[in-house]
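# A closer look at the structure
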Amino acid sequence: MDVVPFNVFQMGAGSTIEDFSVVNNGVGNVLIGNHCHLGLGSVVIGPVTLGNNIIIAQHVVMSGLNHVYDDVEMPIRHQPTVTKPIVLEDDCWIGANVTIVAGVTVGRHSVVAGGSVVTRDVQPFTVVGGNPARVLRRYDETTRQWVAASADKPAAPVAIPAQ
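Read on for an overview of the structure.

Reading guide: rules and limits
- Residues numbered from 1 in each chain as written.
- Predicted model: local features only at pLDDT ≥ 70, side-chain atom pairs only at ≥ 80, totals over all residues.
- Heavy atoms only, no water.
- Helix = DSSP H or I, 4+ residues; strand = E, 2+ residues; numbered from the N terminus.
- Buried < 20%, exposed > 50% of the residue type's maximum accessible area, 1.4 Å probe, protein only.
- Pairing = 2+ DSSP bridges.

This next bit is on unusual backbone geometry. In most cases, non-glycine residues show a negative phi, while peptide bonds are predominantly trans. Cis geometry marks the peptide bond from glycine 46 to proline 47; its omega dihedral reads 5 degrees. With respect to the helices, strands and loops of the structure, proline 47 is situated in the loop between β6 (43-45) and β7 (48-50). A positive phi angle, near 65 degrees, is found at phenylalanine 20, a position not held by glycine. Secondary-structure assignment places phenylalanine 20 in the loop between β2 (16-17) and β3 (22-24). A relative accessible area of 72% places phenylalanine 20 in the exposed class. Not every positive phi belongs to a glycine, and phenylalanine 125 is a case in point at roughly 55 degrees. Among the secondary structure elements, phenylalanine 125 is positioned in the loop between β17 (117-118) and β18 (126-129). Residue phenylalanine 125 is classed as buried on the basis of its relative accessible area of 18%.

This part takes up the pairing of strand β19 (residues 134-140). Relative to β19, β18 runs antiparallel, the two being bridged by four bridges. Each residue of the ladder has a partner; that of threonine 126, found in β19, is arginine 138. Hairpin connection between β18 and β19: a loop of four residues separates the two successive antiparallel strands, and glycine 130 in this loop has a positive phi of roughly 110 degrees. The loop that links β19 with its antiparallel partner strand β20 (residues 145-148) comprises four residues; one of these, arginine 144, has a positive phi angle of about 55 degrees.

Another point: the sheet that holds β19. Strand order in the open sheet formed by eight strands is β2-β5-β8-β13-β16-β18-β19-β20, and the pairing between neighbours is mixed. Single-partner strands in this sheet number two, and they are β2 and β20. One ladder, built from two bridges, connects strand β5 (residues 37-38) with strand β8 (residues 55-56); its direction is parallel. In the sheet register, histidine 37 faces β8, and the bridge partner there is isoleucine 55.

Right, dumping it as structure tokens:
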């Protein structure tokens, strides 16, 4: 834990952070909801907000921090940093080895497949995967079925390997 007193760190009831993970609120608040699981060796650098009932597998990186590289005359390490919040809404499942970049919101009941790099917002009730992550399927509330992103027919059941 790399938690400082001048920014907020909050962890809800029933939430767990597994060994070898890093949580850093030095540049922005880290808020973890109730019944969340942060898997082995994951990294969370604020500002990050996790809703409730979120499963985050091992080796996931979420960093609301970025380094600016505007002035080629100045060493990169001396250039400023900027932050943009990351938000995971309720009931998300983030697979192993995923990277979620600054400024991204993952909508409720969404799944990010293992190994993905999420560079833009994910709508609620959506499964994304790849680098960069793209929509694989969405839940159609009118038909109450999962629909493949490239077809109008029902998608195969979501089969994501267990952690």
